[in-house]
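Each chain is listed here by its residues.
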Amino acid sequence: MENMRGSKVISCELCPVLVESRSRIVNGDGKMDAEILFVGEGPGREEDISGKPFRGRSGTVLDKSLRENGILRENVRITNCVRCRPPNNRNPSKRELSNCKNHLDTEIALINPRLIVALGRVPSEHLLGRKVIVTKEAGKIEVKNIAGLDRKVLICIHPAATLYNPNQKIIFESAISKAANWIAPEGQKNKNSSNRGSA
Ligand code: URA
């Protein structure tokens, strides 16, 4: 049985292996009216401990890049494709992704962001429903019907991939700086007004 309250999953037992491996459910974090929603793969160790997405090394990379682009973490929304830590940080299975899709769609519908940033291959393929080679396609914005509306999805490298690969760091930073253009300056915060960013 599962149970959501707003964007938060309060209880869920749909994935028996993840129920075993998790300490807690890691829900999305950040502003409910955020203009940008970042979507990662799933919680790792630090996230499983803290209950917040992107708290470990990947989170440090993401936070730094956001700061360099003048964005505070608390002004965006960050979530994951699955909300429970897979054992040994393996990728979530197709079944686990599909079990958690309803939660992600509900969050996307509630936040209604101007831009969704898919952090890495797993979220890019999950959201776009096709194979994605992130190193080739990072920075591309694709429109996809998600949770009943056409949404703009920006493909991005996963922050962890930047840790040992300077080329991927450059591609990651360029995609984040593209995402930053979708945040309206203070005083022009009508999400329904025409977008500053361009595809
Ligand atoms: N932390 C998250 O919350 N998601 C990831 O994809 C990686 C680390």
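Preceding block: the structure.
Residues numbered from 1 in each chain as written. Predicted model: local features only at pLDDT ≥ 70, side-chain atom pairs only at ≥ 80, totals over all residues. Heavy atoms only, no water.

Student: Help me out: how do you make sense of the overall build of the protein in this one?
Tutor: Looking only at helices and strands, the protein features 7 helices and 8 strands. Over its C-alpha trace the protein gives a radius of gyration of 16 Å, about what one expects of a compact globule, namely 16 Å for 199 residues. Counting contacts in the protein only where the partners sit at least 6 residues apart, residues at least 24 apart contribute 67% of the total. With the model as given, the accessible surface of the protein reaches about 9700 Å², and the carbon-plus-sulfur share is 49%. For the protein, the centre of its 33 positive side-chain charges and the centre of its 22 negative side-chain charges are spaced 2 Å apart. (Helix = DSSP H or I, 4+ residues; strand = E, 2+ residues; numbered from the N terminus. Rg over C-alpha atoms; globule rule 2.2 N^0.38 Å. Contact = heavy atoms within 4.5 Å. Areas by Shrake-Rupley, 256 points an atom, 1.4 Å probe, with all protein chains shown as cover. Lys, Arg positive; Asp, Glu negative; His and termini not counted. Charge placed at Lys NZ, Arg CZ, Asp CG, Glu CD.)

Student: Looking at this model, I keep getting lost on the environment of asparagine 165. Mind explaining?
Tutor: Along the polypeptide, asparagine 165 turns up in the loop between β8 (149-156) and α7 (166-180). A distance of 2.9 Å separates the side chain of asparagine 165 from the backbone nitrogen of asparagine 167, its partner in a polar contact. (Polar contact = N/O pair within 3.5 Å; in protein donor to acceptor, adjacent residues only side chain to side chain.)

Student: Honestly, the site of the ligand in this entry has me stumped. Any pointers?
Tutor: Taken together, Gly40, Glu41, Gly42, Glu47, Pro53, Phe54, Asn80 and His158 form the complete shell of residues around the ligand. In the environment of the ligand, a nitrogen atom lies 2.8 Å from a nitrogen or oxygen atom belonging to the side chain of asparagine 80. Summarising the interface, the protein chains cover 91% of the accessible area of the ligand, which totals 240 Å² for the free molecule. Class assignment for the residues of the shell around the ligand results in 2 nonpolar, 4 polar and 2 charged. (Near = heavy atom within 4 Å. Nonpolar A, V, L, I, M, F, W, Y, C, P; charged D, E, K, R; others polar.)

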